Amino acid sequence: MGTRRNPKALKRTRARISTSIMFSANTMNAALRISRYAAPTAVLAFSLSPVTVEAKESAKPDVSAVKKSIADLIEDDAERRGDGTSLTGTFVRLAWHCAGTYSKVDGSGGSNGARMRFDPEASWGANAGLGIARNALEAVKEKHPDISYADLYTLAGVVAVEEAGCSTLNSCPACGRGPKIPFRIGREDADSGETSPKECGLPDADKGSRKNTNSARMGFNDREIVALLGAHALGRCHTDRSGYWGPWTFAENTFSNEYFRLLVEERWSPKMSHNGKPWDGPDQFEDSTGKLMMLPSDMVLVQDPAFRKVVELYAKDENAFFRDFASAFSKLLELGVTFPSTKPWYQFW
Ligand code: HEM
């Protein structure tokens, strides 16, 4: 549970030098000594009484420590729930809904800004239930204040995928099965929802069409969008969030190609009843046991011939799915983000 300290992280260095000589050679030497340890971006501030030399480094979160805190949070929360559900799927959905607003037409949306903390995104129906994920992550933000919310929300999705398959909560025999997702920090937080898209452009679950996936708006090809939808191996639908009910697979905390295998191998029929009563929720599909579900927007993956080809490939080849998912998810989380290392020099100010 504890956080590891990054020995390199010199967040704030302060030297107090008591001297009767204001701004002496000693003071200059002290300032120079400090600046050797500070990052190039450090700001040296001098105050004269008492003489205080202060060097502030631009904040750098210890990403491994943040990842560990998120993993611990998922595990502790799952233990507390004790019903086989966890934050795993909700964290992945949070990351997706932060990033999936991106439009390559005008560059709007995307995970930069973490604008889901504000209206309009906070109250979009599509984001119902994601306050649970955002609130849970407050504990991590408190422990690691240097990470931006925008990096934290996306990193939570990355950790959830990477951990799904190798934590005790899954009782998974194949430890370490979640694919490693390339991830960079550098997203910045907005201070309002002013720059959010006016309309929620996230795909609708009740529409079974290729256009509804919005892959073209985000800039994904067929293979990438099908791989991304494989995230529905995790988590479940909640009647009090989306109105739909149930998980897609029998192991909702394990990242696997089960979603694709079930899509092609199961017989999916419209759900008619629930717990012995007529189903009065939105149209959805169920498997032969009635315990699993598919959304109309999932079914398009087997109805559209081009999508189906990719589904069949992933159903047979989990490694191919893991590889494609890792690269498409990483791309999704970076849509519209300009990272410091790729910023032209004039954007640093
Ligand atoms: C056509 C596109 C998509 C539609 C219409 C869609 C729709 C939905 C709906 C209705 C839910 C249920 C929410 C709830 O009741 O809690 C859900 C859950 C989820 N979605 Fe999607 N989704 C889409 C694409 C994606 C993508 C691209 C990802 C990730 C890369 C993703 C990851 C998830 C996860 C992990 C959950 C489970 C959430 C939980 O357990 O709390 N979805 N999705």
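Reading the values: rules and limits
- Residues numbered from 1 in each chain as written.
- Predicted model: local features only at pLDDT ≥ 70, side-chain atom pairs only at ≥ 80, totals over all residues.
- UniProt positions renumbered as here; feature names shortened; annotations may be inferred.
- Near = placed C-beta within 6 Å.
- Helix = DSSP H or I, 4+ residues; strand = E, 2+ residues; numbered from the N terminus.
- Nonpolar A, V, L, I, M, F, W, Y, C, P; charged D, E, K, R; others polar.
- Core = buried A, V, L, I, M, F, W, Y, C linked by C-beta atoms within 7 Å.
- Buried ≥ 20, exposed ≤ 12 C-beta atoms within 10 Å, placed from the backbone.
- Contact = placed C-beta atoms within 7 Å.
- Expected span 1.5 Å × (residues − 1).
- Pairing = 2+ DSSP bridges.

An unreviewed UniProt entry annotates the protein chain as Cytochrome c peroxidase, mitochondrial originating from Cyclotella cryptica. In its Catalytic activity (unreviewed entry) section, the UniProt record describing the protein chain reads: "2 Fe(II)-[cytochrome c] + H2O2 + 2 H(+) = 2 Fe(III)-[cytochrome c] + 2 H2O". According to UniProt, the comment filed for the protein chain under the heading Sequence similarities (unreviewed entry) is "Belongs to the peroxidase family."

Attention now moves to the site of the ligand. In the neighbourhood of the ligand, 25 residues make up the surrounding shell, with Gly89, Pro203, Ala231, Gly235 and Ser242 lying closest. Counting residues per element, the ones that place at least two in the shell around the ligand are α3 (88–99), α7 (222–229) and β4 (236–237). Counting residues per element, the shell around the ligand draws most heavily on α3, at five residues. When its residues are assigned to classes, the shell around the ligand shows twelve nonpolar, nine polar and four charged.

The subject of this paragraph is the nonpolar core. Ala95, Tyr153 and Ala156 are the most contacted members of the largest nonpolar core, which has 70 residues in total. A total of ten residues in this core trace back to one element, the largest contributor, which is helix α5 (residues 149–163). Once you skip the residues sitting within four places of it in the chain, Ala95 turns out to touch Tyr153, Thr154, Ala156, Gly157 and Leu333.

Attention shifts here to helix α4 (residues 130–143). The end-to-end C-alpha separation of α4 is 21 Å, in line with the 20 Å expected for 14 residues at 1.5 Å each. Along α4, the residues that are buried comprise Leu130, Ala133, Arg134, Leu137 and Val140. Residues of α4 that are buried make contact with α2 (63–81), α3 and α5.

A few words now on unusual backbone geometry. Geometrically, the link from Asp119 to Pro120 is a cis peptide bond, its omega value of 10° lying close to zero. Within the secondary structure, Pro120 is located in the loop between α3 and α4. Unusually for a residue other than glycine, Ala114 sits at a positive phi of about 45°. Secondary-structure assignment places Ala114 in the loop between α3 and α4. Positive phi, close to 50°, is recorded for Asn275, a residue that is not glycine. Note that Asn275 resides in the loop between β7 (273–274) and β8 (277–278).

Next up on the list: the environment of Ala139. Topologically, Ala139 is positioned in helix α4. A count of 15 C-beta atoms within 10 Å places Ala139 in the partly exposed class.

With that settled, consider the environment of Val300. Relative to the helices and strands, Val300 resides in helix α9 (residues 296–303). A residue is classified by how many C-beta atoms lie within 10 Å of it, and Val300, with 20 of them, is buried. Each C-alpha atom of the pair Val300 and Lys207 lies 8.6 Å from the other, and the pair is 93 residues apart in sequence. For Val300, the contacting residues outside a window of four places in its chain are Gly208, Ser209, Arg210 and Phe307.

Here we come to the sheet that holds strand β6 (residues 269–270). The three strands are arranged β6-β9-β10 in an open sheet whose pairing can be described as antiparallel. Of all the strands in the sheet, the pair left with one neighbour each is β6 and β10 (293–294). Note that β6 and strand β9 (residues 285–286) share two bridges and pair antiparallel. The residue of β9 that forms the bridge with Ser269 is Glu286.

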